[in-house]
Amino acid sequence: MKKTGLVLEGGGMRGIYTAGVLDVFLEEGLRFDGLIGVSAGAVHGSTFLAGQHGRSIRYFAKYCRDPRFMSVLSLVATGNAVGRRFCYHDIPDRLDPFDFDAFGRSPTEFYVAVTNLETGEAEYIKLKNLRENVEVVRASASMPYVSRVVRVNGKKYLDGGVGDSVPLGASEKLGFSKNVVVLTHERDFPIGPLSIPALNWRYRKYPRFLEALNSMPERYKKQLEAVEEAVRRGTAFCIRPGKKPLVRDLERDPERLRALYRLGREDATAALPELRRFLGAF
């Protein structure tokens, strides 16, 4: 039996574009057999599986100016630009509760991409109980240089995007033969060097992770080429920003976030007729 997959790229605050796309999918009742998320893609993908329409843009817009959410102040005070307790405990547990039970009931297989510091390779961890495994999602979304290393089951992890920014190949290997890929970067987005030589001393014990950081731009280009080839073959469908998102890495303007969320909704809505044909052509 053929299975459908949903592949969600990361991108930090750009991920709110994905939230807009996913809210349209919820409205249209679109479901997938598997979902693999990277960084912000894992964050918003989990909310999609919990069926919590509008939750992502609601709390991002509400708390983006709160220094506990994502800020230089948080980085200096805790070593994490994204506040660990505030984002992964206070918000989902109290301030804007995440529906852990609904997530657990979802029949969709949920995989989170993380990068192993020792090997420099991506790993894809399957989650069912998110309350007990939220550190896996945090690891996937912990960007290099501005995050502390996250330990899960004795292993050291950081940003899943370092090992695999667009895990279409991983989704196919997991058995999902038709995939919808949501990207957060517009076409012709210039990918420059992501390694910061002056700060690489932080990872001197992890040479393979540094190699992965240095090779990210070239690997990302090849991953996008693989997506385009899969689209030509008819085994993938891609949704990406139709224009350049006007958000910064530490975006604090809720209106800019709402504009990017709306763009995701607009692009997804425009793609619906073709997307339904793609998903129905099994």
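How each quantity is defined
Residues numbered from 1 in each chain as written. Predicted model: local features only at pLDDT ≥ 70, side-chain atom pairs only at ≥ 80, totals over all residues. Heavy atoms only, no water. Salt bridge = Lys/Arg side-chain N within 4 Å of Asp/Glu carboxyl O. Buried < 20%, exposed > 50% of the residue type's maximum accessible area, 1.4 Å probe, protein only. Helix = DSSP H or I, 4+ residues; strand = E, 2+ residues; numbered from the N terminus. Expected span 1.5 Å × (residues − 1). Bend = angle between axes of the 7 residues up to and from the residue. Polar contact = N/O pair within 3.5 Å; in protein donor to acceptor, adjacent residues only side chain to side chain. Patch = residues over 30% accessible without salt bridge, like charges linked within 9 Å, V, L, I, M, F, W, Y side chains within 5 Å. Areas by Shrake-Rupley, 256 points an atom, 1.4 Å probe, with all protein chains shown as cover. Core = buried A, V, L, I, M, F, W, Y, C linked by side-chain atoms within 4.5 Å. Phe/Tyr/Trp six-rings, centres within 6.5 Å; stacked < 30°, edge-to-face > 60°. Lys NZ or Arg CZ within 6 Å of the ring centre and 35° of its normal. Pairing = 2+ DSSP bridges. Disulfide = S-S within 2.5 Å.

(A) Spotlight on the pattern of salt bridges. This structure, assessed with the given rule, holds 20 salt bridges. The partner of Arg256 in a salt bridge is Glu251, and the shortest N-O contact between them spans 3.9 Å. When its relative accessible area of 1% is taken as the criterion, Glu251 is described as buried. The salt bridge partner of Arg258 is Glu255, with a shortest N-O separation of 2.5 Å. Taken together, the residues Arg258 and Glu255, both in helix α11 (residues 254-280) and three residues apart, mark about one turn of the helix. Look at Arg258 and you get partly exposed, because its relative accessible area is 31%. Each of Lys3, Glu109 and Lys126 takes part in a single network of salt bridges with overlapping partners.

(B) Quick peek at α11. For α11, spanning 27 residues, the distance from its first C-alpha to its last is 37 Å, which sits close to the expected 39 Å at 1.5 Å a residue. Leu272 marks where α11 bends most, by close to 55 degrees; the proline Pro273 follows one to four residues later. Of the residues that open α11, the one with a side-chain oxygen 2.9 Å from the backbone nitrogen of Glu255 is Asp253.

(C) Spatial organisation of the environment of Asp188. Looking at where Asp188 falls in the secondary structure, it is placed in the loop between β7 (178-182) and α10 (207-233). Considered as a pair, Asp188 and Leu158 are 30 residues apart in the sequence and their alpha carbons are 27 Å apart.

(D) Highlighting a nonpolar patch on the surface. Taken together, the side chains of Val72, Val76 and Leu250 present a nonpolar region at the surface, about 270 Å² in accessible area. With respect to the secondary-structure elements, Val76 resides in helix α4 (residues 72-78). Judged by relative accessible area, which is 68%, Val76 ranks as exposed.

(E) Expanded view of the nonpolar core. Membership of the largest hydrophobic core comes to 63 residues, with the highest contact counts inside it found for Leu6, Phe25, Phe48, Phe69, Phe110, Val180 and Leu275. If you tally residues by element for this core, the top one is α11, at 10 residues. Counting residues in each nonpolar core, the second largest holds 14 residues, with Tyr111, Ala170, Val181 and Val227 among its members.

(F) Layout of unusual backbone geometry. Even without a glycine there, the phi angle at Tyr145 is positive, about 75 degrees. Unusually for a residue other than glycine, Asp188 sits at a positive phi of about 70 degrees. Owing to a relative accessible area of 72%, Asp188 belongs among the exposed residues under this scheme.

(G) Representation of the packing of aromatic side chains within the structure. Under the defined criterion, the tally for this structure stands at 13 aromatic pairs. Pairing Phe98 with Phe103 gives two aromatic rings, centres 6.1 Å apart and planes at 50 degrees, and the pair type is tilted. Of the two residues examined, Phe98 and Phe103, each falls in the buried class. Linked through ring pairs, Phe98, Phe100, Phe103 and Phe110 together constitute an aromatic cluster. Above the face of the Phe278 ring, Lys178 is positioned so that its terminal group lies 4.5 Å from the ring centre.

(H) Structural view of the pairing of strand β4 (residues 122-127). Sheet topology note: the strand β3 (residues 109-116)/β4 ladder contains six bridges and is antiparallel. Considered in β4, the bridge of Thr115 is made with Ala122. Between β3 and β4, which pair antiparallel one after the other, the connecting turn spans five residues, and Gly120 there sits at a positive phi close to 75 degrees.

(I) Structural context of the state of the cysteines. Within this structure, the stated rule accounts for zero disulfides. This cysteine, Cys87, is not joined by any disulfide, and Cys64 carries the nearest cysteine sulfur, 11 Å off. Classification of Cys87 by relative accessible area gives buried; the value is 15%.

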